[in-house]
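# Coordinate analysis (summary)
What follows is each chain in one-letter form.
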Amino acid sequence: MRRRASEIRAEMVANVLSVDVAVGDTVAPGDTVLLLESMKMEIPVISELGGVVQQIKVSTGDVVQEGDLLVELG
């Protein structure tokens, strides 16, 4: 699967504990956009790039699979 730089994808199977951004928010490199939980560990999802949140594809409580699109930046 080809990953675009503006896409933040899940790196593992996990539960979404929280979504820490909203559509229209400005994100800087290093900002936490989501908090995932896997095997009783909390895993922050960090943005590698800056941008404006265009779409959020998950909600708190969702189960995501490796490679799933979480957030798209523009």
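Residues numbered from 1 in each chain as written. Predicted model: local features only at pLDDT ≥ 70, side-chain atom pairs only at ≥ 80, totals over all residues. Heavy atoms only, no water.

## Details of the side chain of Arg9
The criterion, for reference: Here a strand is any run of E in DSSP of at least two residues, a helix any run of H or I of at least four, and the numbering for each starts at the N terminus. With a 1.4 Å probe rolled over the protein chains alone, any residue whose accessible area is under 20% of its type maximum counts as buried; one over 50% counts as exposed, and the rest are partly exposed. We call two N or O atoms a polar contact when they sit within 3.5 Å, provided that within protein one can donate a hydrogen and the other can accept it, with sequence-adjacent residues counted only if both atoms are side-chain atoms.
Locating Arg9 in the fold gives a position in strand S1 (residues 7-9). On the accessibility criterion, Arg9 (19% relative accessible area) is buried. Within the structure, the side chain of Arg9 is placed 2.6 Å from the backbone oxygen of Gly67, a separation counted as a polar contact.

## Describing the pattern of salt bridges
Note the following rule: The working definition used for a salt bridge is a side-chain nitrogen of Lys or Arg within 4 Å of a carboxyl oxygen of Asp or Glu.
Throughout the structure, instances matching the rule amount to 1 salt bridge. Between Glu7 and Arg9 there is a salt bridge, with its nearest N and O atoms 3.0 Å apart. Given a relative accessible area of 8%, Glu7 falls into the buried group.

## Description of the pairing of strand S4 (residues 32-38)
Formally: By the convention used here, strands pair only if DSSP detects at least 2 bridges between them.
Of all 7 residues that make up S4, 5 are buried, and the element is covered over most of its length. Two strands pair when backbone bridges link them, and strand S2 (residues 14-19) and S4 are joined in this way by 4 bridges, in the antiparallel orientation. Of the residues in S4, the one forming a bridge with Val19 is Leu34. Note that S4 and strand S5 (residues 41-46) share 6 bridges and pair antiparallel.

## Topic: the sheet that holds strand S3 (residues 26-27)
Read from one edge to the other, the open sheet built from 4 strands follows the order S1-S8-S6-S3, with strand pairing classed as antiparallel. Only two strands of the sheet have a single neighbouring strand rather than two, namely S1 and S3. Relative to strand S8 (residues 69-73), strand S6 (residues 51-56) is paired through 3 bridges, and the arrangement is antiparallel. Residue Gln55 lies in a different strand from S8, and its bridge partner there is Glu72.

## Thoughts on the nonpolar core
As a reminder, the rule being used: Buried residues of nine kinds, namely Ala, Val, Leu, Ile, Met, Phe, Trp, Tyr and Cys, make up a nonpolar core once their side-chain atoms join them within 4.5 Å. Residue contacts are counted whenever heavy atoms from the two residues lie within 4.5 Å of one another.
Core analysis: the biggest nonpolar cluster contains 17 residues, and Val33, Leu34, Leu36, Val45, Val64, Leu70 and Val71 have the highest contact counts within it. Only S2, S4, S5 and S8 provide two or more residues apiece to this core. Setting aside residues up to four positions removed in sequence, Leu70 forms contacts with Ile8, Arg9, Ala10, Leu34, Val45, Gln55, Ile56, Lys57, Val58 and Val64.

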